[in-house]
Amino acid sequence: NFLDLDNEQKEIDKDIWNLEKLDVDVRENLIRPCRTINFTKIIQLDIRQETKKEIFFHLKTEALGCVQKEMTAMRRLSKYLSEKYPEIESCADLDRMIFEEYLIYLKTEDTGAKQFRTELTRLRAVIETIGSIYQYPQLKSIILNRDIPPTYKAEFKTYSDEELKRLNA
């Protein structure tokens, strides 16, 4: 049992995790299986380490799909920070002004975010968990409710027989 704990610790220290080697009951998608989690695209080393601890924590409670979305959000944030703020190395250095500029970047320049609401929701979960684990109090309020766009509900419209005839004509 001691050797298993040692192997798990070594696996957590790696930049690419093999999920089968972790002692975590991963709730995975049976249609799209995933065997690894790759942290190498998180450029800042301190943010990478903070994200590893957060992801390990969330693997115990969240579905693997949610964790993968968190990784996507953190990779996108890391890429932005390396381009615009190369001096930032840790989540402790993040503040509201930087995040507001990141929101503007996502809405105007970045075309990779397909599900903007989902990505911001998962990014908020990551940032707040890192803030709780590492005692970074500014991270608790860095992403506000108004930053996340609302979901739109589909409105169903019915047409009378006469209207359908006119539309089809």
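Residues numbered from 1 in each chain as written. Predicted model: local features only at pLDDT ≥ 70, side-chain atom pairs only at ≥ 80, totals over all residues. Heavy atoms only, no water.

**Student:** Before we move on, could you go through the overall build of the protein chain and cite the residues and values that matter?
**Tutor:** Within the protein chain, the regular secondary structure consists of six helices and two strands. The N-to-C order of helical and strand elements in the protein chain reads α-β-β-α-α-α-α-α. Computed over its C-alpha atoms, the radius of gyration of the protein chain comes to 20 Å, more than 25% above the 15 Å expected for a compact globule of 169 residues. For the protein chain, the spread of C-alpha atoms along the three principal axes comes to 75 × 40 × 25 Å. Out of the 169 residues in the protein chain, the part that is buried amounts to 38%. Counting only carbon and sulfur atoms, one obtains 51% of the accessible surface of the protein chain, whose full area is about 11,100 Å². With 28 positive and 31 negative side-chain charges, the protein chain shows a separation of 5 Å between the mean positions of the two kinds. (Helix = DSSP H or I, 4+ residues; strand = E, 2+ residues; numbered from the N terminus. Rg over C-alpha atoms; globule rule 2.2 N^0.38 Å. Buried < 20%, exposed > 50% of the residue type's maximum accessible area, 1.4 Å probe, protein only. Areas by Shrake-Rupley, 256 points an atom, 1.4 Å probe, with all protein chains shown as cover. Lys, Arg positive; Asp, Glu negative; His and termini not counted. Charge placed at Lys NZ, Arg CZ, Asp CG, Glu CD.)

**Student:** Any details on the packing of helix α2 (residues 45-59) against helix α5 (residues 116-134)? Residues and values, ideally.
**Tutor:** The angle between the axes and the distance between the axes are what describe a pair of packed helices. At a minimum axis separation of 9 Å, α2 and α5 run at an interaxial angle of 105 degrees. The angle between α2 and α5 places the two elements in the roughly perpendicular class. Each of Gln-49, Glu-50, Thr-51, Lys-53, Glu-54, Phe-57 and His-58 in α2 lies in contact with α5, whose residues at this interface are Arg-122, Ala-125, Val-126, Thr-129, Ile-130, Ile-133 and Tyr-134. The class makeup of the residues in the contact of α2 with α5 is six nonpolar, four polar and four charged. (Axes fitted to C-alpha atoms, helices over the stretch in contact; angles between N-to-C directions. Parallel < 35°, antiparallel > 145°, perpendicular 65-115°, else oblique. Contact = heavy atoms within 4.5 Å. Nonpolar A, V, L, I, M, F, W, Y, C, P; charged D, E, K, R; others polar.)

**Student:** Explain the pattern of salt bridges to me, and be specific about the residues and the numbers.
**Tutor:** Taken as a whole, this structure holds nine salt bridges when the rule is applied. Taking the shortest distance from any N to any O, the salt bridge between Glu-119 and Arg-76 comes out at 2.5 Å. Taken together, the positions of Glu-119 in helix α5 and Arg-76 in helix α3 (residues 64-84) put the pair 43 residues apart, joining distant regions of the chain. Arg-124 serves as the salt-bridge partner of Glu-128, at 3.6 Å between the closest nitrogen and oxygen. With Glu-128 and Arg-124 both in helix α5 and four residues apart, the pair spans about one turn of that helix. Each of the salt bridges in this network shares a partner with another, and the network as a whole consists of Asp-15, Arg-48 and Lys-52. (Salt bridge = Lys/Arg side-chain N within 4 Å of Asp/Glu carboxyl O.)

**Student:** Quick rundown of the environment of Tyr-105? Include the residues and the values.
**Tutor:** Counting through the fold element by element, Tyr-105 comes out in helix α4 (residues 96-108). C-alpha separation for the pair Tyr-105 and Asp-95, spaced ten residues apart in sequence, amounts to 16 Å.

**Student:** Quick one: what's the story with a nonpolar patch on the surface, residue by residue and with numbers?
**Tutor:** Judged by side-chain polarity, Tyr-159, Leu-164 and Leu-167 come together as a nonpolar surface patch covering roughly 300 Å² of accessible area. The residue Leu-164 is located in helix α6 (residues 161-168) in this model. (Patch = residues over 30% accessible without salt bridge, like charges linked within 9 Å, V, L, I, M, F, W, Y side chains within 5 Å.)

**Student:** For unusual backbone geometry, give the residues involved together with the corresponding values.
**Tutor:** The backbone of Gln-135 shows a phi angle near 60 degrees, a positive value even though the residue is not glycine. Locating Gln-135 in the fold gives a position in the loop between α5 and α6. The class of Gln-135 is exposed, set by a relative accessible area of 62%.

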